[in-house]
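Okay, here's what each chain looks like letter by letter:
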Amino acid sequence: MWYRLGQFILKQRLLLIFLLMIATGIMTYYATQVRLSYEFTRAIPTDNPRYQEYQSFLKKFGGDGNMLVLGFDKNDFFSLDYFNQVGALHASLKKINGVTGVLSIPDAVNLRNNREQQQLVPEKIFQLPYQSQSSLDSSKQVFLSLPFYKTLLYSDSGSAYLMGVSVNGDTINSKGRTRLINDIMQQVELFESKTKTSLHVSGLPFIRTTVGNRIKDEMNWFLIGSLVLSAITLLIFFRSISAMLMSLVVVGIGVVWSLGTIVLLGYKITLLNALIPPLIVVIGIPNCIYFLNKYHTSYRETGDKEKALITMVGRMGIVTLFCNIAAAIGFAVFALTKSALLQEFGMVAGINIMALFVISLIFIPVVLSYLKPPKNRHTKYLDNPFLEKMLVRIERWTFHHAKWVYGITIVLSVFAVLGIFRLKSEGFIVDDLPKTDKIYTDLKWFEAHFGGVMPLEILVDTKKKNGLLRNTGPVSRINELSAYIGAKPEAARPLSFAEGLKFAKQAYYDGDILSYDVPYEGDLAFMGPYLKQKADSNAGTGVSKIISNFMDSAKQVARITVNMKDVGSSQLPLLIADYEQKARQIFDTASYKITFTGSSITFLEGSSFIIKGLKESIFWAFLLITLCMLYLFRSFRILVCSLIPNLIPLVITAGVMGWVGIALKPSTVLVFSVALGIAIDVTIRFLINYKQELPHYNNQVAQTLVQTIRHTGISIIYTSLVLIAGFIIFCISDFGGTQALGWLTSLTLVIGTLTNLVLLPVLILHFQQKKTKPVL
């Protein structure tokens, strides 16, 4: 069948190449329509309770995690010139399109008790610009007498100060976010230049945008880098510019098709499926190498180009088909998960790996048919003395040192299993960044001085309209829970309408600092008219609206906002469970419904879902590949022989992760599915070649193994080197997860190549000795 297919391809080469170019042209058009995705909750299924709770919160309160924070590490913050510059920065940030508000010390307000009109009137504390230090010092004393701002805008140490910049949620979740962050940073850099100081910058909008842009830029460079490395490797192997260009065109078409597929399926580019183009390159190049290797081998044997091309398709067509099927399965199983992010990645990757097979099968034979026959220098790599000596040693190990092969394999496997027990599953929002990166160090600065910037939201539902203000019970309980959370080192002082009432009480008693406390029933009786009074037109920029900002319009649901440290996915569930237990002790569950949500919760849930989905996908990939191998070889013994050399590299890689201290997280779990889908290629190519050669050697296993090792070994080594070169480029990334993807996948491929060239023949020979008839 495959030989007839080769004849058909050569006979209909003009038609086939024309159709391929037409299809590529269509895909190119769609590829130009590809768009980036800026959503951050798509890792969670829409029917997940955590997702639904977060969406309900967004509808009530508009969102969280939309604040960028600036930190001032300055002992003389209230010096005249510096403070005036801070005020100017505040004014310039407010003018930026997409900035919805700025909370800072220069704009802080005090509440004045207007007894005649029974109003708490917001008045700005600072009147900028200041001309004298004494006037500024006077305003400073008023500001420091207000406990509301302590730990909110300045730290206990007295040398750390904060400015919060609220940004539009729609803008920060669109491509306009880069422009918005750049505009903000332009003003920050201008301030730093004028004051000769350095600011700390953090907050989810800043972290997500900056890290996202870095990863996007890296993926573009990695795509170029993988193409360049592949080109250099191909040129070194084949000593042919035409072979190199042909291979690059194949993977180039594959990349275009992958981008077009994203658009055709209605998807957008995410940080996960941005990996697909570089993966297409490193997966597509082996197809080219195996086809070219077989073509060169056949041509040297026959001297007939057409026969060599037909033999190439006939012998390598089925090999490449099943290799691509195995690789496609390794990725396509992600589509079986409940995470939209993984589903999209799996669908696009799986479809385009199979498309690569079609592209290779048509393009390579057709182009080679138009090119001149290969010259001696093009096939010189087939007689590589160094590789020949290496393959001879592999033969020796197979036939004379099987016990050593088993012994070394067992020792390494035991060592790896011990390492697996040390393996942890933990992720941080910024753990992929180097510890010296400014984003990381700035985040740690905010955690040290202000308790963190990762938002946690707690909703307190009284189940009654106006239930929050009927008596002091709800506010007292909210204050008690807030005090408990605020006393924890992992969180900052929570904000809620209880803080607003405490501020209002202090103002009602003419700024008495001892009155900053939760109002009693008697206090509320006197303060009632003040609280019911509508805020005047100036209140929108002050804190007098905090009460309405932290409860819904029905005054039934209150919001407690907590900024937390990036404690990681292992510790965060324990903290949340502790907070939930305390909430159940404080609030009567019959009268109150307490919900924990926010970006921190969705991050935790999303990470857990991705890791769980990736683990499940590895299981399904292994199962489906097992069934594929069983169908292909129709032998349980060969199935066992094929699976062991591919399980061991995964076990060793997991063990190395445990010993080195690399945690399981979305970026590292991906290694196993990628490596399994690619490493199984080597096994399939070796076994199919073995199966094809067996009849030519009268079913003599030993002779067939020698021939298979010598003929397939060279192409396997070359292919592995190309794959390793393609993945090793990820090691130059600034992100730990991408680095891990590079060197762990390369490690897995190295071990996989060794186990398939050394252990697999030993296993075949071992199982054959227990039979009196051929293995296949």
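Because the structure is predicted, anything quoted here is derived from the model rather than measured.

1. Some points on the overall build of the protein chain
Part 1 of the argument: Looking only at helices and strands, one finds 25 helices and nine strands in the protein chain.
Part 2 of the argument: When the backbone C-alpha atoms are referred to their principal axes, the protein chain occupies close to 110 × 50 × 45 Å.
Part 3 of the argument: Relative to its 776 residues, the protein chain shows a buried fraction of 58%.
Part 4 of the argument: Across the protein chain, the fraction of contacts at a sequence separation of at least 24, relative to all contacts at a separation of at least 6, is 79%.
Part 5 of the argument: Total accessible area computed for the protein chain in this model is approximately 33,100 Å², and 58% of it derives from carbon and sulfur atoms.
Part 6 of the argument: Of the side chains in the protein chain, 74 bear a positive and 52 a negative charge, and the two mean positions are spaced by 12 Å.

2. Quick word on the side chain of T708
Part 1 of the argument: With respect to the helices and strands, T708 occurs in helix α24 (residues 701–728).
Part 2 of the argument: Among all residues touching T708, those that are not within four sequence positions of it are F686, N689, Y690 and G713.

3. Re the nonpolar core
Part 1 of the argument: Core analysis: the biggest nonpolar cluster contains 249 residues, and L70, F72, F143, Y149, I184 and F497 have the highest contact counts within it.
Part 2 of the argument: Residues contacting L70, with those up to four places away along its chain left out, are L89, L93, Y161, L162, M163, V165, V188, H200, V201 and F446.
Part 3 of the argument: Ranked by size, the runner-up nonpolar core spans five residues in total, among them Y54, F57, L459 and V557.

4. Observations regarding a nonpolar patch on the surface
Part 1 of the argument: On the surface, a nonpolar cluster with roughly 870 Å² of combined accessible area is contributed by I410, V414, F415, V417, L418, I420, F421, W659 and V660.
Part 2 of the argument: Breaking the nonpolar patch down by element, the ones donating at least two residues are α14 (402–420) and α22 (636–660).
Part 3 of the argument: The greatest single-element share of the nonpolar patch, amounting to six residues, is contributed by α14.
Part 4 of the argument: One can find V660 in helix α22.

5. Focus: the packing of helix α13 (residues 385–400) against α24
Part 1 of the argument: It is the contact of α13 with α24, at a shortest axis distance of 10 Å, that shows an interaxial angle of 140°. Between α13 and α24, the angle falls in the class oblique. Crossing hand, α13 versus α24: right-handed. Of α24, the residues touching α13 (which contributes L387, M390, L391, I394, E395, T398 and F399) are A702, L705, V706, I709, R710, G713, I714, I717 and Y718.
Part 2 of the argument: Looking at the contact of α13 with α24 residue by residue, the class counts come to twelve nonpolar, two polar and two charged.

6. Digging into the sheet that holds strand β1 (residues 67–73)
Part 1 of the argument: Strand order in the open sheet made by the four strands is β2-β5-β1-β6, with antiparallel pairing throughout. Each edge of the open sheet is held by one strand with a lone partner, namely β2 (99–103) and β6 (200–202). The sheet shows a mean angle of 20° between the axes of neighbouring strands, direction not considered.
Part 2 of the argument: In terms of strand pairing, β1 meets β6 through three bridges, oriented antiparallel.

7. Concerning the pattern of salt bridges
Once their charged atoms are close, side chains differing in charge can pair, the charge on each being opposite to the other.
Part 1 of the argument: Going through the model one piece at a time under the given rule, you end up with 15 salt bridges.
Part 2 of the argument: For E123, the salt bridge identified is with R112, shortest N-O distance 2.3 Å. Of the two residues, E123 sits in strand β4 (residues 119–124) while R112 sits in strand β3 (residues 109–114), which places them eleven residues apart along the sequence.
Part 3 of the argument: Residue classification places E123 among the partly exposed residues on the basis of a relative accessible area of 34%.
Part 4 of the argument: What makes R112 partly exposed here is its relative accessible area of 37%.
Part 5 of the argument: The residue D442 makes a salt bridge to K438 at a minimum N-O spacing of 2.6 Å. Here D442 pairs with K438, and both are found in helix α15 (residues 438–450), just four residues apart, close to one helical turn.
Part 6 of the argument: Under the relative-accessibility criterion, K438 is labelled partly exposed at 42%.
Part 7 of the argument: A single network of salt bridges, built from pairs that share partners, joins R493, E499 and K502.

8. Examining the environment of K691
Part 1 of the argument: Its place among the elements puts K691 in helix α23 (residues 666–693).
Part 2 of the argument: For K691, a relative accessible area of 37% gives the class partly exposed.
Part 3 of the argument: Separated by 14 residues in the primary sequence, K691 and L705 place their C-alpha atoms 9.9 Å from one another.

9. Observations regarding α14
Part 1 of the argument: An ideal rise of 1.5 Å per residue puts 27 Å on 19 residues; α14 measures up with 27 Å between its terminal C-alpha atoms.
Part 2 of the argument: Of all the residues in α14, the buried ones are V405, T409, S413, A416 and G419. Angular distribution of buried residues about the axis of α14 spans 115°; they occupy a single face of the element. Set apart from the buried face of α14 by more than 90 degrees, the exposed residues are K403, W404, I410 and V411.

10. Examining the packing of aromatic side chains
Part 1 of the argument: Tallied over the full model, the rule gives 35 aromatic pairs.
Part 2 of the argument: Residues F77 and Y82 carry aromatic rings whose centres are separated by 5.9 Å and whose planes lie at 70° to one another, so their mutual orientation is edge-to-face.
Part 3 of the argument: When the ring of F78 is compared with that of F143, the centres are 6.4 Å apart and the planes differ by 50°; the resulting orientation is tilted. Of this pair, F78 sits in the loop between β1 and α4 (80–94) while F143 sits in helix α5 (residues 133–144), and the two are 65 residues apart along the sequence. Accessibility assignment for this pair places F78 and F143 in one class, buried.

11. Focus: the confidence of the model for the protein chain
Part 1 of the argument: When pLDDT is averaged along the protein chain, the result is 84, and 96% of the positions lie at 70 or above.
Part 2 of the argument: Note on residues 535–544: pLDDT under 50 across the span, and 16 contacts to partners over four residues away in sequence or across chains.

12. So, the sheet that holds strand β7 (residues 454–461)
Note: strands within a sheet are paired through backbone hydrogen bonds, in either parallel or antiparallel orientation.
Part 1 of the argument: If you walk across this open sheet you meet the three strands as β8-β7-β9, and the pairing is antiparallel. For this open sheet the edge positions go to β8 (557–564) and β9 (593–597), each flanked by a neighbour on one side alone. When the angles between neighbouring strand axes are averaged without regard to direction, this sheet yields 20°.
Part 2 of the argument: Most of the contacts of helix α3 (residues 49–61) go to β9, to which it runs at about 100°, and overall it touches β7, β8 and β9.
Part 3 of the argument: Relative to β9, helix α20 (residues 571–586) is tilted by about 165°, and along the sheet it contacts β7, β8 and β9.

13. Points about unusual backbone geometry
Part 1 of the argument: The peptide bond linking L128 to P129 adopts the cis configuration, its omega dihedral lying at -10°.
Part 2 of the argument: Mapped onto the elements of the fold, P129 is located in the loop between β4 and α5.
Part 3 of the argument: Even without being a glycine, T151 presents a positive backbone phi close to 70°.
Part 4 of the argument: Looking at where T151 falls in the secondary structure, it is placed in the loop between α5 and β5 (160–167).
Part 5 of the argument: By relative accessible area, which is 26% here, T151 ends up partly exposed.
Part 6 of the argument: If you check the backbone angles, D510 has positive phi at about 60° while not being a glycine.
Part 7 of the argument: By the element assignment, D510 lies in the loop between α17 (497–508) and α18 (521–532).
Part 8 of the argument: Residue D510 is classed as exposed on the basis of its relative accessible area of 57%.

About the criteria used
- Residues numbered from 1 in each chain as written.
- Predicted model: local features only at pLDDT ≥ 70, side-chain atom pairs only at ≥ 80, totals over all residues.
- Heavy atoms only, no water.
- Helix = DSSP H or I, 4+ residues; strand = E, 2+ residues; numbered from the N terminus.
- Buried < 20%, exposed > 50% of the residue type's maximum accessible area, 1.4 Å probe, protein only.
- Contact = heavy atoms within 4.5 Å.
- Areas by Shrake-Rupley, 256 points an atom, 1.4 Å probe, with all protein chains shown as cover.
- Lys, Arg positive; Asp, Glu negative; His and termini not counted.
- Charge placed at Lys NZ, Arg CZ, Asp CG, Glu CD.
- Core = buried A, V, L, I, M, F, W, Y, C linked by side-chain atoms within 4.5 Å.
- Patch = residues over 30% accessible without salt bridge, like charges linked within 9 Å, V, L, I, M, F, W, Y side chains within 5 Å.
- Salt bridge = Lys/Arg side-chain N within 4 Å of Asp/Glu carboxyl O.
- Axes fitted to C-alpha atoms, helices over the stretch in contact; angles between N-to-C directions.
- Parallel < 35°, antiparallel > 145°, perpendicular 65-115°, else oblique.
- Left-handed = near helix turned anticlockwise from the far one by under 90°.
- Nonpolar A, V, L, I, M, F, W, Y, C, P; charged D, E, K, R; others polar.
- Pairing = 2+ DSSP bridges.
- Expected span 1.5 Å × (residues − 1).
- Arc of directions from axis to C-beta.
- Phe/Tyr/Trp six-rings, centres within 6.5 Å; stacked < 30°, edge-to-face > 60°.
- pLDDT = per-residue confidence, 0-100.

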